[in-house]
Amino acid sequence: MANQQHMANAIRALAMDAVQQANSGHPGAPMGMADMAVALWGDHLQHNPKNPHWANRDRFVLSNGHASMLIYAVLHLTGYKLPIEEIKNFRTLHSKTAGHPEVGVTPGVETTTGPLGQGITNAVGMALAEKMLAAEFNQPGHTVVDHHTYVFLGDGCLMEGISHEAVALAGAWKLNKLIALYDDNGISIDGKVAPWFIDNTPQRFAACGWNVIDAVDGHDAAAVSKAIAAAKVSAHNGSTGPTLIVCKTAIGKGSPNRAGTSKAHGEPLGAEEIKLTRAALGWTAEPFKISKEIYADWDAKVAGQAREEAWNKKFAAYKAAFPAQAKEFLRRMKGELPKNFNQVAFDAVVAAHTKAETVASRKASQLALEAFTAALPEMLGGSADLTGSNLTNTKSTPAFRVDLAGDVVKTEDGAIGRHINYGVREFGMAAIMNGVALHGGYIPYGGTFLTFSDYSRNAIRMAALMKQRVVHVFTHDSIGLGEDGPTHQSIEHAASLRLIPGLDVWRPADTAETTVAWAVALQNASRPSALLLSRQNLSYAPKSDLGDISRGAYVLAEPSEVGMQKTHGVIIATGSEVQLALAAQKLLADRKIGVRVVSMPSTTVFDRQEVAYKQQVLPAGLPRVAVEMGSTDGWWKYGCAAVVGIDTYGESAPAPVLFKHFGFTAENVADTVHAALLKA
């Protein structure tokens, strides 16, 4: 017990010292959860500091990411490549100890947390990936996928609405290897939470199918460890639900004047209070000094290496018995596409071009998915209760289901379901997909209407920040959806998504462009993508070359194709508006005006091209007019003389009526180009 207390106090000391030195941060939560960390990391967590990417490690998520000094302290103490200098550099430029944990920056951090509620939701995605991979790859006598997902969370995570979405799905999916430890300290930034947070949290989780271990003393590491052990035994003995462990704690534990108050939350304790806290804890070491004895108690390198080596032996036996499955598992955990992917993509694009079908781009997406999901077993689809509209399901992706025993249901040929019914939970879906991608083994994609991307937006941003391969399928992309009206008609959404750094946004015009968009999205191992797709049918746009579609914009039709020898201007169009541009090109030719039509399915991809290519597509000296059924702001950066767009909300009426009302006719586009040329 004494050793556990010293181990916990090491976290408290490092937390208050680092926050004090940075003059910024949150000391209270790390100090309050220190004993919980001792219990989990000291007694249960399956990890190897020497290899933070070991495939069968347990995943740990600090959902209340403002408590970042907790995980930084533990990673340092257990032996990860996070030296004391990095702890001293907490919250400084380019350090490995940012203000909130960041995956890819700090070894051992599994996900970037900070926006409350998303961490627990990421954890649900990780636990889902583990469950599905186990069902897909484990064989009788060979269990190679077998690990837990642990998450620390606080009141703020539970107040965020996304937690309701995640908790419900975790229960529905019977994720019994997911164990959440709730830091129940009753304090948030504004003070005691009781006046505004009166949920009966244990009953809420129980109602969603969770096992609940209530009223555990969060400052008794042995008691917390016992609760974790009980959760693991329960799962092993057939319990189907995830487990919530309610840990009663005091924020800022150890601080004589700040413990149990909101003053401990988001500011340094101050030199005098730190002095008093050290005395109260019996901590005599200088700032950032940890004794050899405490380091020895925390050190997990030897034990971690032994765990991984034991698993390596298991995997070697698995590989000998099931070589093809072992090879496939390693490929997918590395995030590598199958060797024949380029050929699969080429064939799919050529097929789309050859058939030249007139279909909605949402249907074009499904046609592309039929090819890609058949070739890529790692593709894991889904929809937020709009499968019949988003068309994210294919012949290769039966519905994901679990039986009453919690086992993943398999088809007659032994395959697992690869299409998830997320229910009306857009935000939860987006953040769960982030967790699936972070875990590895699957490429997640999910669908909803484009206007509901607002619900998903922060999780989309987090995918971009974390550089995760997640694909969002957004259909009903414009006023073209018609009578549902302005609540469902996307106006500003394409422009808004294009503003997210690191997110590729595609708005394809036909089957070939849609297939290329999917191919590029799947190849982008470190970048999420959003596909904006139409409800209405789109004619195929004839094209002589398919090679430049993947560059985001290309010359679709020169003036010579409508009998004009001279180029007077350029029309830039995306999605369904490409057909308008082509029709306007013909009308302008009747007026002896020659224009080039540029299809720009992805502004974000085009913007990354070299200057020479961009100048080739959009030559200097030629007036440009952009056409898109949405906000005009983003188009002016291309030097447009005019933009045919919508800077108001839509209306409720049949699509053809709306197109005429808002000026999306070939005649209006031609008139706009003509007027722009007269002014040039």
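In this text, all values refer to a predicted model and were calculated from it rather than measured experimentally. (Residues numbered from 1 in each chain as written. Predicted model: local features only at pLDDT ≥ 70, side-chain atom pairs only at ≥ 80, totals over all residues. Heavy atoms only, no water.)

(A) Up close: helix 21 (residues 577-590). When the terminal C-alpha atoms of helix 21 are compared, their 20 Å separation across 14 residues agrees well with the 20 Å that a helix rising 1.5 Å per residue should span. All of the buried residues in helix 21 are E577, V578, L580, A581, L582, A584, Q585, L588 and A589. If you follow the buried residues of helix 21, they end up packed against strand 16 (554-557), strand 17 (569-573), strand 18 (595-599), strand 19 (624-627) and helix 25 (666-679). Residue K592 follows helix 21 closely and has a positive phi angle near 65°. (Helix = DSSP H or I, 4+ residues; strand = E, 2+ residues; numbered from the N terminus. Expected span 1.5 Å × (residues − 1). Buried < 20%, exposed > 50% of the residue type's maximum accessible area, 1.4 Å probe, protein only. Contact = heavy atoms within 4.5 Å.)

(B) Fine view of the pattern of salt bridges. Evaluated as defined, the whole model comprises 23 salt bridges. With a shortest N-O distance of 2.7 Å, R332 and E136 are connected by a salt bridge. Taken together, the residues span a long stretch of sequence, with R332 in helix 13 (residues 323-334) and E136 in helix 5 (residues 118-137) at a distance of 196 residues. With a relative accessible area of 3%, R332 lands in the buried category. Ionic pairing is found between D146 and K177, a salt bridge with its closest N-O pair at 2.5 Å. Residue D146 is found in the loop between helix 5 and strand 2 (149-153), and its partner K177 is found in the loop between helix 7 (161-172) and strand 3 (178-184); the two are separated by 31 residues along the sequence. When its relative accessible area of 34% is taken as the criterion, D146 is described as partly exposed. One continuous salt-bridge network, built from bridges that share partners, spans D477, R498, R507, E577 and E628. (Salt bridge = Lys/Arg side-chain N within 4 Å of Asp/Glu carboxyl O.)

(C) Representation of the sheet that holds strand 10 (residues 419-421) within the structure. If you trace the 6 strands from one edge of the open sheet to the other, you get 10-9-11-12-14-13, paired in parallel fashion. Only two strands of the sheet have a single neighbouring strand rather than two, namely strand 10 and strand 13 (504-506). The mean angle between the axes of side-by-side strands here comes to 20°, regardless of whether they run parallel or antiparallel. For strand 13 and strand 14 (residues 529-532), the ladder comprises 3 bridges, and the chain directions are parallel. The partner of V505 across the bridge, within strand 14, is A530. (Pairing = 2+ DSSP bridges. Axes fitted to C-alpha atoms, helices over the stretch in contact; angles between N-to-C directions.)

(D) Representation of the sheet that holds strand 6 (residues 211-217) within the structure. Strands sit in the order 1-2-3-7-6 across an open sheet of 5 strands; the sheet is parallel. The sheet terminates laterally at strand 1 (59-62) and strand 6, the two strands that pair on one side only. Recorded for the sheet is a direction-independent mean angle of 15° between the axes of neighbouring strands. Where strand 1 and strand 2 come together, 4 bridges link them in parallel fashion. For L62, the partnering residue across the bridge sits in strand 2 and is F152. Where helix 9 (residues 221-236) meets the sheet, its contacts fall on strand 2, strand 3, strand 6 and strand 7 (243-248), and the angle it forms with strand 6 comes to roughly 170°.

(E) Representation of the nonpolar core. Formed by 79 residues in total, the largest nonpolar core has its most connected members in F372, I479, W518, I571, I572, L618 and F664. Per element, the largest residue contribution to this core is 8 residues, and it comes from helix 20 (residues 511-523). Excluding residues that lie within four positions of it along the chain, F372 makes contacts with F341, V344, A345, A348, M379, T515, W518, A519 and L522. (Core = buried A, V, L, I, M, F, W, Y, C linked by side-chain atoms within 4.5 Å.)

(F) Summary view of the packing of helix 2 (residues 28-43) against helix 3 (residues 68-78). Closest axis-to-axis distance for the helix 2/helix 3 pair is 10 Å, and the angle between their directions is 40°. One way to sum up the angle between helix 2 and helix 3 is to call them oblique. With respect to the hand of their crossing, helix 2 and helix 3 are arranged in right-handed fashion. Where helix 2 approaches helix 3, its residues P30, M33, A34, A37 and W41 are matched on the opposing element by M69, L70, V74, L75 and T78. Its residues placed into classes, the contact of helix 2 with helix 3 shows 9 nonpolar, 1 polar and no charged. (Parallel < 35°, antiparallel > 145°, perpendicular 65-115°, else oblique. Left-handed = near helix turned anticlockwise from the far one by under 90°. Nonpolar A, V, L, I, M, F, W, Y, C, P; charged D, E, K, R; others polar.)

(G) Spotlight on the state of the cysteines. Following the criterion strictly, the structure yields 0 disulfides and no others. The closest cysteine sulfur to the non-disulfide-bonded C208 is located on C157, 16 Å from its own sulfur. Accessibility expressed as a relative area gives 25% for C208, which makes it partly exposed. (Disulfide = S-S within 2.5 Å.)

(H) Structural context of the packing of aromatic side chains. Throughout the structure, instances matching the rule amount to 19 aromatic pairs. Here W54 and W311 contribute two aromatic rings whose centre-to-centre distance is 6.4 Å and whose plane-to-plane angle is 65°, an arrangement assigned as edge-to-face. Residue W54 is found in the loop between helix 2 and strand 1, and its partner W311 is found in helix 12 (residues 301-321); the two are separated by 257 residues along the sequence. Of the aromatic side chains, those joined through ring pairs into one cluster are W54, F137, W311, F315, Y318, F322 and F329. Positioned above the aromatic ring of Y540, the side-chain terminus of K543 is 4.1 Å from the ring centre. Residue placement shows R551 over the ring face of Y613; its charged tip is 3.7 Å from the ring centre. (Phe/Tyr/Trp six-rings, centres within 6.5 Å; stacked < 30°, edge-to-face > 60°. Lys NZ or Arg CZ within 6 Å of the ring centre and 35° of its normal.)

(I) Broad picture of the side chain of S631. Here S631 is to be found in the loop between strand 19 and strand 20 (640-644). Setting aside its immediate chain neighbours within four residues, S631 contacts I491, E492, A495, I646 and D647.

(J) Quick peek at the packing of helix 2 against helix 9. With their axes 8 Å apart at the nearest point, helix 2 and helix 9 run at an angle of 50° to one another. Of the possible angle classes, the one that applies to helix 2 and helix 9 is oblique. The handedness of the crossing between helix 2 and helix 9 comes out as right-handed. Contacts between helix 2 and helix 9 involve D35, M36, V38, A39, L40 and D43 from the former and A221, V224, S225 and I228 from the latter. Here the contact of helix 2 with helix 9 is composed, by residue class, of 7 nonpolar, 1 polar and 2 charged.

Worth remembering: the numbers are spatial, not functional.
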